[in-house]
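# Remarks on the overall topology
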Amino acid sequence: MAAAGGAADAQARFGHSVKGLLTEKVTGCGTDVIALTKQVLKGSRSSEFLGQAARNMVMQEDAILHSEDSLRKMAIITTHLQYQQEAIQKNVELSSNLQDQLSHLLK
């Protein structure tokens with residue numbers, strides 16, 4: 001009977017140690033799952049941030065291209081205005097010459 005009692009006692013201790021080990025393993029796995037979940041969420045947020053950054057870069061590139069186009073157009077307008085200014089200056093010079101000629105004629 002003592003042998004049966006000793007075997008039962010050993011079996012109970014074995015069961016408790018297995019339960020302890022199993023509890024430790026389950027807790028460790030739970031911690032690992034939590035850590036993995038945090039990493040996945042962090043990666044997901046990183047992916048979202050990268051996507052937003054890419055969209056922002058595309059918008060900036062469009063703005064830069066639009067600005068370059070506007071600068072080209074402004075350069076063309078500036079050139080046209082310079083031509084017009086030169087033409088106006090020539091006309092003013094001719095106008096003052098005509099005024100001088102008219103004043104000589106009228107004297």
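None of the values given here were measured: they were computed from a predicted structure.

### A few points about the overall build of the protein
For the protein, the count of helices and strands is one helix and zero strands. Across the 107 residues of the protein, 0% fall into the buried class. About 9,800 Å² of surface is accessible on the protein, with carbon and sulfur atoms providing 65% of the total.

### Here's the deal with the pattern of salt bridges
Two side chains of opposite charge can pair, provided their charged atoms sit close to one another. For the structure on display, the rule yields two salt bridges. Across the salt bridge formed by Arg72 and Asp69, the nearest N and O atoms sit 3.5 Å from each other. With Arg72 and Asp69 both in helix H1 (residues 2–106), this residue pair falls three residues apart, about one helical turn. What makes Asp69 partly exposed here is its relative accessible area of 30%. Residues Asp69 and Lys73 are paired through a salt bridge, measuring 3.4 Å at the closest nitrogen-oxygen approach.

Basis of the calculations
For every chain, the first residue of the written sequence is number 1, and numbering continues from 1 along that sequence. Predicted model: local features are reported for residues with pLDDT of at least 70 only, side-chain atom pairs are reported and counted for 80 or more only, and whole-chain, interface and lining totals are derived from all residues. Excluding hydrogens and water, the side-chain figures rest on all heavy atoms present in the structure. We count a stretch as a helix when DSSP gives it H or I for four or more residues in a row; a strand needs E for two or more, and each element gets its number in order from the N terminus. A 1.4 Å probe rolled over the protein chains alone gives each residue an accessible area, and that area as a share of the maximum for its type sets the label: buried under 20%, exposed over 50%, partly exposed in between. To be clear on the numbers: accessible area is Shrake-Rupley with a 1.4 Å probe, and residue cover counts the displayed protein chains and nothing else. Salt bridges are defined as contacts in which a side-chain nitrogen from Lys or Arg sits within 4 Å of a carboxyl oxygen from Asp or Glu.

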